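# Architecture at a glance
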Amino acid sequence: MTLLDWPGKVACTVFLGGCDFRCPFCQSSGLITGPTSETIPKDEFFAFLSKRRRLLDGVCITGGEPLLHPDLPGFLNRIKALGYPVKLDTNGNHPKQLICLWENGYGQQGFY
């Protein structure tokens with residue numbers, strides 16, 4: 001749970017491993033060297049979200065760099081199907097993937 005990652009919202013933050021930058025000030029430097037094994041299995045994560053529908057206002061996806069994950073659209077769809085708006089943190093280095101998400105409706109109707 002976070003009160004910081006999405007101002008004005010009580011949110012759940014999901015950290016995805018792997019990043020194409022090596023910023024010396026990165027707060028998530030342990031995630032930059034590549035995808036990590038799941039700390040929480042996806043089914044358990046979605047059960048967690050299901051149980052907290054009245055407690056959480058949204059889900060923040062951050063990293064590392066989430067746009068490096070080819071399964072990100074499906075992951076976002078599952079979160080959205082539970083009724084949560086999604087905030088995506090990105091370093092901006094993958095504009096084609098971001099445009100693709102936007103053009104497929106992720107920049108509208110509860111995706112931020």
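A brief look at the structure comes next. Each chain carries its own residue numbering, running from 1 in the written order of its sequence. Residues qualify for local features only when their pLDDT is at least 70, as the model is predicted, and side-chain atom pairs are given and counted only at 80 or more; totals for whole chains, interfaces and linings, by contrast, use all residues. Remark: hydrogens and water are excluded; side-chain values derive from all non-hydrogen atoms of the structure.

What follows concerns the pattern of salt bridges. By definition, a salt bridge exists where a carboxyl oxygen of Asp or Glu is found within 4 Å of a side-chain nitrogen of Lys or Arg. One pass over the full model with this rule turns up three salt bridges. Of the charged contacts in the structure, one is a salt bridge between arginine 78 and aspartate 43, with a shortest N-O distance of 3.8 Å. Taken together, the positions of arginine 78 in helix H2 (residues 72–81) and aspartate 43 in helix H1 (residues 42–51) put the pair 35 residues apart, joining distant regions of the chain. Each residue gets one of three labels from its accessible area relative to the maximum for its type: buried under 20%, exposed over 50%, partly exposed in between, using a 1.4 Å probe on protein chains only. A residue is classified by how much of its surface remains accessible, and aspartate 43, at 60% relative accessible area, is exposed. Think of it this way: any DSSP run of H or I at least four residues long counts as a helix, any run of E at least two long counts as a strand, and we number them from the N terminus.

With that settled, the discussion passes to the layout of surface pockets. The computed volume of the second largest pocket comes to approximately 330 Å³. With a 1 Å grid spanning the protein atoms alone, the term cavity applies to any set of points in which a 1.4 Å probe fits but cannot get out, the term pocket to an open set with protein on both sides within 12 Å along at least five of seven lines, and the term lining residue to any residue with an atom within 4 Å of a point. Lining the second largest pocket are 19 residues, with Cys26, Ser28, Thr62, Gly63 and Gly64 sitting closest to its centre. Among the elements of the structure, strand E1 (11–16) and strand E2 (58–63) are those that each provide at least two residues to the lining of the second largest pocket. Classes in brief: Ala, Val, Leu, Ile, Met, Phe, Trp, Tyr, Cys and Pro nonpolar; Asp, Glu, Lys and Arg charged; the others, Gly included, polar. Considered class by class, the residues forming the lining of the second largest pocket number seven nonpolar, eight polar and four charged. Grid points are joined across faces, edges and corners, and a volume is the space filled by probe spheres set on the points.

In this section: the packing of aromatic side chains. Any Phe, Tyr or Trp ring, taking Trp's six-membered ring, that has another such ring centre within 6.5 Å forms a pair; planes under 30 degrees apart are called stacked, those over 60 apart edge-to-face, and the others tilted. This structure, assessed with the given rule, holds three aromatic pairs. With a centroid separation of 5.1 Å and 70 degrees between ring planes, the pair formed by phenylalanine 45 and phenylalanine 46 is classed as edge-to-face. One exposure class covers both phenylalanine 45 and phenylalanine 46, and it is buried. Relative to phenylalanine 75, the ring of phenylalanine 45 lies with its centre 5.6 Å away and its plane at 25 degrees, an arrangement referred to as stacked. Separated by 30 residues along the polypeptide, phenylalanine 45 in helix H1 and phenylalanine 75 in helix H2 bring together distant segments of the chain. Phenylalanine 75 shares its class with phenylalanine 45; the two are buried. Taken together, the aromatic side chains of Phe45, Phe46 and Phe75 make up a single cluster linked through ring pairs. The ring of tryptophan 6 carries lysine 9 above its face, with NZ or CZ at 5.4 Å from the centroid. In this scheme, Lys NZ or Arg CZ marks a charge over a ring once it lies within 6 Å of the ring centre and within 35 degrees of the ring normal.

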